[in-house]
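Geometric and topological summary
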Amino acid sequence: MRRTALVATAALIAAAPLAQAQGFPDGPITWVVNWPAGGGQDTTSRLVAERLSAELGVPVVVENYDGAGGLAGMRVLAGAKPDGYTIGMLGSSSIIQQYTTDEPVMLDQLAVLSFFGPDPGALTVKADTPYETLEAFVMAAKEQPGDILNGNDPPGGASYISASIMEVALDLTLNKIPYKGYAPTVTALLGGEVHSATVPVPQVLEAHKAGDVRILGVMASERHFLAPDIPTFAEQGFNVVAGDFRAVVGPAGIPQDRAEILSQALVAVLSSAEFVAAANAAGYMIEPLGAEAALARIKAFDAQVYPVLEDAGLVTNPR
Amino acid sequence: MSYLADALIGAVTDPAMLGLCLFGVVVGLVFGALPGVSSTMSLAVMLPLTFGMSTPAAMMLMLGVFFASVYAGSVSAILLNIPGTPGAMVTVLDGNAMARKGRAGEAMAYALIASLFGGVVGWLLLVGIAPVIAAYALRFGSPEYAAVVFFGLALVSYASSGDTLRGLAAGTIGLLLGVVGRDVVTDVPRFTFGTADLQGGFDIIPLAIGLFGVAEALSAMERAPRGGRVQAPTGRLMPKARTLIAELPAALRGSFIGTFIGAIPAAGSAVAVAVAYALEKRLSRTPERFGTGIPRGVVAPEAANNACVGGALIPMMTLGIPGDSITAVLIGVLLLHGLRPGPGLFENQPEFIATIYAALFIAIVLTGLVAGFIGLRVFNKVLLLPRRLLLTGVLMLCLLGAFSVRNSAFDIWVAVGSGAVGYGLIRLGVPILPLAFGVVLGPILEENLRRTLMIHGDWSVFLTRPISFTLVMISLLVLGGPLIVRALTTLAARRRT
């Protein structure tokens, strides 16, 4: 983390005169959020936009486009003039939608500017279920396929994909029950309508601390900073890495020099200690990566998720 | 309790805190009165302002915006026949009918008083018995949810004016419109005709703006004499004390309904106002007067709508679950300040919980003062505008509001199209309300019904769980009641002969 920050700072110092020399940006930047105001995508966007505005010295205006499960906003983003004055937040659902919707926005229609951070999935069970450990849960799911009710997003949503990746990797069958987002899923878990859920850690952390639910494992390569006492799946002998992520993108075709200015400014913002503290306090993991590394991460997710979608019969727009 | 007193005194004696809350209330009143600017959007716009504030200051500002904007939805509903939010959809019926009779001033006063009353009852229940209500809200699983929406639909079909057949037809059109878009259970797009615009389904706000606002503007052009004013002057402002007291039981019932339904995560104010209005109509000895412009038709839903604010805060404060999209933004504010609402915060930081309660109470009081002493007079002036100015302005606001909900040009066409449909329905004497509720409640009913069947396998679950059993039985009684009564009277008549 510290090294990235150093690199970013160095890059920033190098970039500053460049930015002035070219006069980019010299006007307001529009930041597209493809979900309604108030959600995670919106909150993270506003956190970055405010600081990016200070970094670049121009206003960064957040605009929410709701509709078509996030596709409406992505279409605005991909269709914008590639002059660097329209950028926005990309989530894992947009990668999934490439294959599951009519008229999708494909990854190659976008220019990836930076990575924001992962939001790993976790497996949580209600406290009064008999599953004390991840191993007990996996054993039970194998013994009685389809008996364990697992609350998650509608097919194609992030927590549905997390559950599906877990099913495929561990060769077990859950009864996946769809809810419209994280809040209703957690409500159903607390109310006992489902036995388990695959939502990210921050959503269930407080209920876990209160003893109402048990987080059995985190689907990431490292433990979650908010819950350092909860082991990862891998630590418990199960190789499952899944979850949501966020990245900052613009329409494809942004001139190279402008894309670099934006990318460097974003990495600088995302690496600042003040920003990381604010984002962590709000429950968001930050992993500032430049354009190339970010694209590699997104492509890796793309490669991981496609077979899962195919397996679930969700692909309507094959590769 | 002493924490609460301390927090209240602390906030009231701090001019900066009061000033922030006042600012929030003014912003909320203006935004809420504009059709298409929802409470959620108002809060999100103010969100960046709170970054640099202390947490209590941020909550002061946000709760001011929250409560004032929820109340102000009634302004455009009464004066212009445009419900800016689903929660104000029922207020349109009697509120605008009163305005048309030249009683706009009174209707606005009733709405304000009922809103404040509902707000305070919701607040009292939040402060007093939040954990009890939260425990009850958690018992609402998918079957209960499906049953309560079925109950709401049954009550709406009963409550809508005019003949039942036309009401049912309108409701069915609404249910069909609600089917459009991605299906929540399977994520398969339905009736989208291959276009991306329809994948998200019809948003209720552009539809309601068209059905109520645009259609009303079109009919008003026809109705009002050339060059004159659209509506009679606003009339007296303050209702008589005696009539106010007569509305007290309705306000109380509405407030309880609002708080309890508001506390069920994601149930929302639309269900609460539908239930509150229909219940009053059912209890009334003169149900035929509902919809013609009677205070009770304004009081019950407005009390319910604003009691939802306290209700929605209940699961947020005790469980950390947002009660609706507005409280989701509030949770966002707390998270950005490093506070994670949930059982831990609720039990271990009573001082902080008390500051939130105090902030909401001050927001309610300030909304009452600002709206009562300034708002009512200013808002009512709108009706004094010449007809051509007012109607053009209304149409512009309608289209702007429809666009701003999702920043979508397609939604402008939805508003225009549903405006034409709404105008046609008015001419045909078909009630619009069941259609609007079909669109709002249909998808919720479908989602929960299908999930119930996925989890429990068969329909008997609705009869074996006490809450859903009760709700289904009452719904059936509401729907079948008149038939049973008629059957019994014919039977009795036959015996006698």
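Thresholds, definitions, all that
Residues numbered from 1 in each chain as written. Chains lettered and ligands numbered in written order. Predicted model: local features only at pLDDT ≥ 70, side-chain atom pairs only at ≥ 80, totals over all residues. Helix = DSSP H or I, 4+ residues; strand = E, 2+ residues; numbered from the N terminus. Rg over C-alpha atoms; globule rule 2.2 N^0.38 Å. Contact = placed C-beta atoms within 7 Å. Buried ≥ 20, exposed ≤ 12 C-beta atoms within 10 Å, placed from the backbone. Pairing = 2+ DSSP bridges. Axes fitted to C-alpha atoms, helices over the stretch in contact; angles between N-to-C directions. Domains from an automatic or database assignment. Nonpolar A, V, L, I, M, F, W, Y, C, P; charged D, E, K, R; others polar. Core = buried A, V, L, I, M, F, W, Y, C linked by C-beta atoms within 7 Å. Expected span 1.5 Å × (residues − 1). Parallel < 35°, antiparallel > 145°, perpendicular 65-115°, else oblique.

Our focus in this paragraph is the overall build of chain B. Secondary structure summary: chain B contains 20 helices and two strands in total. For 497 residues, the compact-globule estimate of 2.2 N^0.38 gives 23 Å, and chain B sits close to it at 22 Å. Here the C-alpha coordinates of chain B stretch approximately 75 × 60 × 55 Å along the principal axes. Looking at chain B alone, contacts between residues at least 24 apart form 79% of all its contacts between residues at least 6 apart.

Scanning chain A from N- to C-terminus turns up 11 helices and 10 strands. Since a compact globule built from 319 residues should have a radius of gyration of about 20 Å, the 20 Å found for chain A is in line with a globular shape. With respect to the principal axes defined by its C-alpha atoms, chain A has extents near 65 × 40 × 30 Å. Classification of the 319 residues of chain A by burial places 59% in the buried group. Considering only contacts within chain A whose residues lie at least 6 apart along the sequence, 75% involve residues at least 24 apart.

All names here are of chain A. The sheet built from five strands is open, its strands ordered E7-E6-E8-E5-E9 with mixed pairing. The two strands at the open ends of the sheet, each matched to only one other strand, are strand E7 (175–178) and strand E9 (213–218). Of the strands in this sheet, strand E6 (149–152) and E7 touch helix H6 (residues 158–170), which is tilted by about 145° from E6. Across the sheet, helix H8 (residues 201–209) touches strand E5 (122–126) and E9, and the angle it forms with E9 is around 140°.

Another point: unusual backbone geometry. All names here are of chain A. A cis amide bond links Phe 24 to the next residue, Pro 25, at an omega of -10°. Examined against the element boundaries, Pro 25 turns out to sit in the loop between helix H1 (2–22) and strand E1 (29–33). The backbone phi angle of Asp 171 is positive, close to 55°, even though this residue is not glycine. Considering the arrangement of structural elements, one finds Asp 171 in the loop between H6 and E7.

All names here are of chain A. Its domain assignment divides chain A into domain 1 (2–119 + 244–311) and domain 2 (122–236). A separation of 28 Å is found between the C-alpha centroids of domain 1 and domain 2. Contacts between the two partners involve 13 residues from domain 1 and, on the opposite side, 12 residues from domain 2. Counting only elements with at least two residues in the side of domain 1 that touches domain 2, the list comes to helix H4 (92–100), strand E4 (110–120) and helix H11 (291–311). The leading source of residues in the side of domain 1 that touches domain 2 is H4, at four residues. Considered class by class, the residues forming the side of domain 1 that touches domain 2 number five nonpolar, five polar and three charged.

Where interface size is quoted, it is often the accessible area lost as the parts come together. On the side of chain A, 44 residues touch chain B, which itself brings 44 residues to the contact. Of all elements in the fold, only helix H3 (39–46), helix H13 (325–336), helix H14 (343–348) and helix H18 (433–456) of chain B reach the threshold of two or more residues within the side of chain B that touches chain A. By residue number, the principal contributor to the side of chain B that touches chain A is H13 of chain B, which donates six residues. Here the side of chain B that touches chain A is built from residues that sort into 22 nonpolar, 15 polar and seven charged.

Below, the discussion takes up the nonpolar core. Membership of the largest hydrophobic core comes to 278 residues, with the highest contact counts inside it found for Cys 21, Met 62, Ala 274, Ala 359, Ala 363 and Ala 436 of chain B. Here this core gets 26 residues from one element, more than from any other, and that element is helix H5 (residues 91–138) of chain B. A domain split of this core shows at least three residues from each of domain 1 (2–119 + 244–311) and domain 2 (122–236) of chain A.

Residue and element names in this part refer to chain A. Read across the open sheet, the five strands follow the order E2-E1-E3-E10-E4; overall the sheet is mixed. Here the strands that pair on one side only, and so sit at the sheet edges, are strand E2 (60–64) and E4. Strand-to-strand twist across the sheet, computed as the mean angle between neighbouring axes with direction ignored, equals 20°. The sheet contact formed by E1 and E2 spans five bridges and is parallel. Bridging from a neighbouring strand, Trp 31 pairs with Val 62 of E2. Along the sheet, helix H9 (residues 256–271) makes contact with strand E3 (86–91), E4 and strand E10 (243–251), crossing E4 at roughly 20°.

Okay, helix H11 (residues 268–283) of chain B next. Helix length check: H11 of chain B (16 residues) gives 23 Å between terminal C-alpha atoms against 22 Å at 1.5 Å per residue, within 8%. The buried count for H11 of chain B comes to 13 of 16 residues, which makes it a mostly enclosed element.

Another point: the pairing of E10 of chain A. All names here are of chain A. Taken across its nine residues, E10 has nine buried, putting it largely inside the fold. In terms of strand pairing, E3 meets E10 through four bridges, oriented antiparallel. When the sheet's bridge partners are listed, Gly 91 is paired in E10 with Arg 246. Alignment of E4 against E10, held across nine bridges, turns out to be antiparallel. Among the inter-strand pairings, Phe 115 is bridged to a residue of E10, identified as Ala 247.

Residues and elements named next belong to chain B. Look at H5 against helix H15 (residues 350–381): their axes get within 10 Å of each other, and the N-to-C directions meet at 180°. As summarised for this structure, H5 and H15 are arranged roughly antiparallel, according to the angle between their axes. Every residue of H15 that contacts H5 at Ala 104, Gly 105, Met 108, Ala 109, Leu 112, Leu 116, Gly 119, Val 120, Trp 123, Leu 126 and Val 127 is listed here: Tyr 357, Leu 360, Phe 361, Ile 364, Gly 368, Ala 371, Gly 372, Leu 376, Phe 379 and Asn 380. Split into classes, the residues belonging to the contact of H5 with H15 amount to 16 nonpolar, five polar and no charged.

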